Amino acid sequence: MAEKIEMVALSPTMEAGVIVKWSKKVGDEIKSGDVLCEVETDKATMEYESMDEGTLLSIIVDEGAEVPVGQLIAIIGEKDEDVSAIIEEAKKAPVKAEEKPAAKASEEKAPAKAVKQTSGSRPTSRSGKIKASPLARKMAEEAGVPLNSVDGTGPNGRIIKRDIEKAIADGPATQVASSMREQVIQVSKKRKIIAQRLAESKYGAPHYYLKLSINMENIIAARKQINAKAKEKLSMNAFIVKFVAEALRRHPQVNASWQGDTIVQFGQVDIGLAVAQPDGLITPVVRNCESKGIAAIDQDMKVLIDKALNNRLQPQEYTNATFTVSNLGSFGIEEFTAIINPPGAAILAIGKSEKTPIVTANDQIVIKPMMKVCLSCDHRVIDGAVGATFLKDLKDMMEDPIRVLL
Amino acid sequence: MAKYDYDLLVIGSGPGGYVAGIRASQLGMKVGVIEKDKPGGVCLNIGCIPSKALIHQAHMFSHIKDLEDMGLKVDTSGFDYTKVFEKSRKAATDLSGGITFLLKKNKADYIVGEAKLTGPHQVTVDGNKKITAKNIMIATGSSPRSIPSFPIDEETIVTSNGALMTKKLPKKLLILGSGAIGMEFAYVWSSFGVEVEIVEIVDRVLPIEDDEIGKFIKKTFEKRGVKFHLGTMAKSLEKKDGKVNVTVSQGEQERVIETDMVLVAIGRAPNSQNLGLENLGIKTEKGFIRVGDYYRTNIPNIYAIGDVIHSPLLAHVASKEGEIAVEHMAGHKTDKKMDALLIPSAVYCEPQVASFGYNERTAKEAGIKFEKAVFPYRGAGKSVAIGCPEGMVKVLFDPKHKEILGAHIAGAQATELIHEILLAKKAELLPEDLATMVHAHPTLSEIIMEVMRTVEGWPIHA
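Residues numbered from 1 in each chain as written. Chains lettered and ligands numbered in written order. Predicted model: local features only at pLDDT ≥ 70, side-chain atom pairs only at ≥ 80, totals over all residues.

Attention now goes to the overall build of chain B. Along the backbone of chain B there are 15 helices and 24 strands. Across the 462 residues of chain B, 48% fall into the buried class. A fraction of 63% describes how many contacts in chain B between residues 6 or more apart in sequence connect residues 24 or more apart. (Helix = DSSP H or I, 4+ residues; strand = E, 2+ residues; numbered from the N terminus. Buried ≥ 20, exposed ≤ 12 C-beta atoms within 10 Å, placed from the backbone. Contact = placed C-beta atoms within 7 Å.)

Scanning chain A from N- to C-terminus turns up 9 helices and 18 strands. The buried share of chain A, taken over its 406 residues, is 32%. Sequence separation of at least 24 residues holds for 62% of the intrachain contacts in chain A that already meet a minimum separation of 6.

Attention now moves to the nonpolar core. Residues Met137(B), Val262(B) and Leu263(B) are the most contacted members of the largest nonpolar core, which totals 151 residues. Contact partners of Met137(B), with chain neighbours within four places excluded, come to Leu8(B), Val10(B), Ile11(B), Ala20(B), Tyr303(B), Ile305(B), Gly322(B) and Ala325(B). (Core = buried A, V, L, I, M, F, W, Y, C linked by C-beta atoms within 7 Å.)

Residue and element names in this part refer to chain A. Ordered by their spatial adjacency, 4 strands build an open sheet running 1-8-6-3, and the pairing between neighbours is antiparallel. The outermost strands of the open sheet, each flanked by one partner alone, are strand 1 (3–6) and strand 3 (29–30). Where strand 1 lies against strand 8 (residues 72–77), 4 bridges are found, and the strand directions are antiparallel. In the sheet register, Lys4 faces strand 8, and the bridge partner there is Ile75. (Pairing = 2+ DSSP bridges.)

Attention now moves to the interface of chain A and chain B. In this assembly, 13 residues from chain A lie in contact with 14 residues from chain B. Examining the composition of the side of chain A that touches chain B, we find that 5 residues originate from one element, helix 2 (residues 134–143) of chain A, more than from any other. Classifying every residue of the side of chain A that touches chain B by side-chain character gives 8 nonpolar, 1 polar and 4 charged. (Nonpolar A, V, L, I, M, F, W, Y, C, P; charged D, E, K, R; others polar.)

What follows covers the pairing of strand 17 (residues 346–359) of chain A. In the case of a regular strand, side chains alternate between the two sheet surfaces. All names here are of chain A. Relative to strand 17, strand 16 (residues 323–327) runs parallel, the two sharing 4 bridges. Across the sheet, residue Thr324 finds its bridge partner in strand 17, namely Ile347. Bridging between strand 17 and strand 18 (residues 365–378) involves 12 bridges; their strand directions are antiparallel. Following the sheet pairing, Ile350 is matched in strand 18 by Val373. Following strand 17, the chain reverses through 5 residues before pairing antiparallel with strand 18; Asp363 in that reversal takes a positive phi of roughly 60 degrees.

Below, the discussion takes up the environment of Lys30(B). All names here are of chain B. Examined against the element boundaries, Lys30 turns out to sit in the loop between helix 1 (17–26) and strand 2 (31–35). Through-space distance from the C-alpha of Lys30 to that of Ala108 is 6.9 Å; in sequence the pair is 78 residues apart. Beyond its immediate chain neighbours, meaning those up to four positions away, Lys30 contacts Tyr6 and Asp7.

The strands making up a sheet are joined through hydrogen bonds of the backbone, oriented either antiparallel or parallel. Residues and elements named next belong to chain B. Reading across the sheet, the 5 strands line up as 8-15-9-10-11 and stay open at both edges, with parallel pairing between neighbours. One side of each edge strand has no neighbouring strand; the edge strands of this open sheet are strand 8 (157–158) and strand 11 (227–229). Relative to strand 15 (residues 261–264), strand 8 runs parallel, the two sharing 2 bridges. The residue of strand 15 that forms the bridge with Val158 is Leu263. Its contacts with the sheet put helix 7 (residues 180–191) on strand 9 (172–176), strand 10 (195–199) and strand 15, and the angle it makes with strand 10 is roughly 165 degrees. (Axes fitted to C-alpha atoms, helices over the stretch in contact; angles between N-to-C directions.)

Let's shift gears to the environment of Asn227(A). All names here are of chain A. Here Asn227 lies in helix 5 (residues 217–229). Exposure remark for Asn227: the 13 C-beta atoms within 10 Å place this residue in the partly exposed category. The contact partners of Asn227, leaving out residues within four places of it in the chain, are Lys233 and Leu234.

Let's shift gears to the pairing of strand 14 (residues 253–259) of chain B. Residue and element names in this part refer to chain B. The pairing of strand 13 (residues 243–250) with strand 14 spans 7 bridges and is classified as antiparallel. In the sheet register, Val244 faces strand 14, and the bridge partner there is Thr259. Linking two consecutive strands that pair antiparallel, namely strand 13 and strand 14, is a turn of 2 residues; a positive phi of about 65 degrees is found at Gly251 within it.

This brings us to the confidence of the model for chain B. Residues shown with low pLDDT carry predicted positions that ought not to be read at fine detail. Looking at chain B as a whole, its pLDDT mean stands at 95, while 100% of the residues score no less than 70. Of the two predicted TM-score estimates for the complex, the pTM is 0.61 and the ipTM is 0.74. (pLDDT = per-residue confidence, 0-100.)

Of the consecutive residues Pro342(A) and Pro343(A), the connecting peptide bond is found in the cis state with omega at 5 degrees. One non-glycine residue, Asn274(B), adopts positive backbone phi at about 55 degrees. When you line up the elements, Asn274(B) lands in the loop between strand 16 (268–270) and helix 9 (277–280). A residue is classified by how many C-beta atoms lie within 10 Å of it, and Asn274(B), with 10 of them, is exposed. Phi at Tyr294(B) takes a positive value of approximately 60 degrees, unusual for a residue other than glycine. Of the residues examined, Tyr294(B) has 22 C-beta atoms within 10 Å and is grouped as buried.

In this section: helix 7 (residues 294–309) of chain A. All names here are of chain A. In this model, helix 7 (16 residues) spans 22 Å end to end at C-alpha, consistent with the 22 Å of a helix rising 1.5 Å per residue. Within helix 7, burial applies to Ile294, Ile297, Asp298, Asp300, Met301, Leu304 and Ala308. The buried residues of helix 7 occupy an angular sector of 165 degrees when projected down its axis, which confines them to one face. Tucked inside the fold, the buried residues of helix 7 contact helix 6 (236–250), strand 12 (271–273), strand 13 (275–277), strand 14 (280–282), strand 15 (285–286) and helix 8 (315–318). Looking at the residues trailing helix 7, positive phi occurs at Asn311, about 60 degrees. (Expected span 1.5 Å × (residues − 1). Arc of directions from axis to C-beta.)

Quick look at the structure:
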């Protein structure tokens, strides 16, 4: 009984394919699994494997021709079988759904090698291991096929030899399955506000960035000395905030805000400190830093940060910072640029203090704890030279703290 | 009223038919199983089961010497083969009764009569009773094949049927064919003192088994006095003075073997006649019904399984094929067909032979690269302790991944031992998995562990 060989969809989106090359010629014995021809699909050139056995009796479509899926391309049957009727019929109706004999029911007509997207989840054993036979594991390992990219067809979805063979034949999967899963998360009100304000700031305020490195040697030493005698240890951030406040006091143009028609220079230095929370970030504000000592700032910060982490900050405790400091040094970040937190016109991004070889004035290489900082400025308020002078003063004071008294 | 009398009608109640019937009933189908002879088919009545009863008794008889080794004096003068025969019949009758019980228990109707297909959904029983069914399964099995030059009378020229029903042993038996059936009868009858000669057309014993295993079996049979004529064809016979003279030819040479009885054991032929296949246009090939995936014939709702189709003529194959077909009818996900490389074969002579998958010859023919590991029975202490040190296990494996390609065992309990390796093959375990699995000591199963260690290059007892 002659089998009509039709073009099949070799990829999920394939509607037609070009027969690049016939691998068999009329009269050849065909075994199931033999490559009949190479077909160029919308994705790649693929091998068309026969699912039928017998003699290739006729090739209907020549090399180079494009054929829609479902069209007759060849006939396989018993040697010397008369297939002229089928060929005639094919000429009359080039595209036609065929009724298959029972033994080759249509459900088996799915292409053996269709590229398919793997379905995210794999059956796993109780220990969480992907279920695969030892042979499949070994073959996958040698062929470099990741097991989580293979669909198992064995008992209970176990990956078996034929699945690996198929995976190897199919080539790299179009989409490698991931152990992660896509989630849709409802946005909290707070998140919405953060998003809106950051976007407004980044799009509304023309940012520019100034970077430099500060030698922290003296501050570290000073903090060590003070902490050695203090009841409560002072945090490095308290030191930084105090120096920033002092620099802002000296450069009020930086402690300012763009108000559309006016620029406001604030009469006090209220420094916001960016604090990460599980569901966002918040900037509790230490008020009047220009008038407070390091210990007082440190005390305020401890209270505020504790409240922030417990979601207990009142609105007046986290709004209207005149300047913001964001320190990601504890994550090992060397340097970064931050988005200005309105109504302030600048934010200082602090990197990690790290031992770094530096060249001294007299050309010696020495190792110093250097901290990279990056000042983001709203150009509408702070011009480059203003921002630069501010940053230089900050650096000089931090490197040589006695200058604060000048 | 339902459209059809039954969801499934099975023609034949052998190991293919009755298993399919019970499985179908379990899956919620209304089932009828039609049988013209006795329930259980050839397997139970005139095949596997009575022959195993004979083999068991032959085994006991041939081990009388072991008793004498203990100082016992055994008087064999009262030996009566009729009693051996009767025991084998009782085993068959008992089990045959069990089939009707199982069918009844599973609510499948057992219908006695000769079935003929009279429509795609209709079977006529005994020419008058019409029964309809949504699906029909042909499981009519096979009968011993005969050759025209050796007309069967089932008395002096017998098939396995006549041999099993023989109540009086001949002095001399000539067996045509050294396949499983020929070798099992050779074992049984030679054990009881019959002089046995075997004529085999090809140049090896147990032709479908591995050559090395065949050679080993030939040697052990020759030790017990069985004579082989390999590469030899039986041409004709002449009955004379109660004797049978069989002319055989080996190449150009012809000679005559005188014997009392001839057993024709050259294979089995499908029972596809008188079923009405031609009425429906069901296609056959050399008598075997042609089937596609799920054992469907060219008529979509008619299935055929077992010896009547072209697949290994084994009861366990028929049962599995029936299961696949029935699962498919029920719309369950199932393999399209049995994997030929996962079918165990078993020969119950002594030593036993069991195998599956590729042997060296078939692997070479198929162009499959392989390596082999062989381990002798003697290497496992148990075999020596129970007096069965003769035997071997051979494993063929893929050189690249060490996938098991086939296994061949000759020796005591081979037909049981094979399944550990077969399970490993089916589950795609690797030799190292069996090599490192703890096996109880002392057991014959240690041979399996050792041959797998041999694959891995570290046999302990070799």
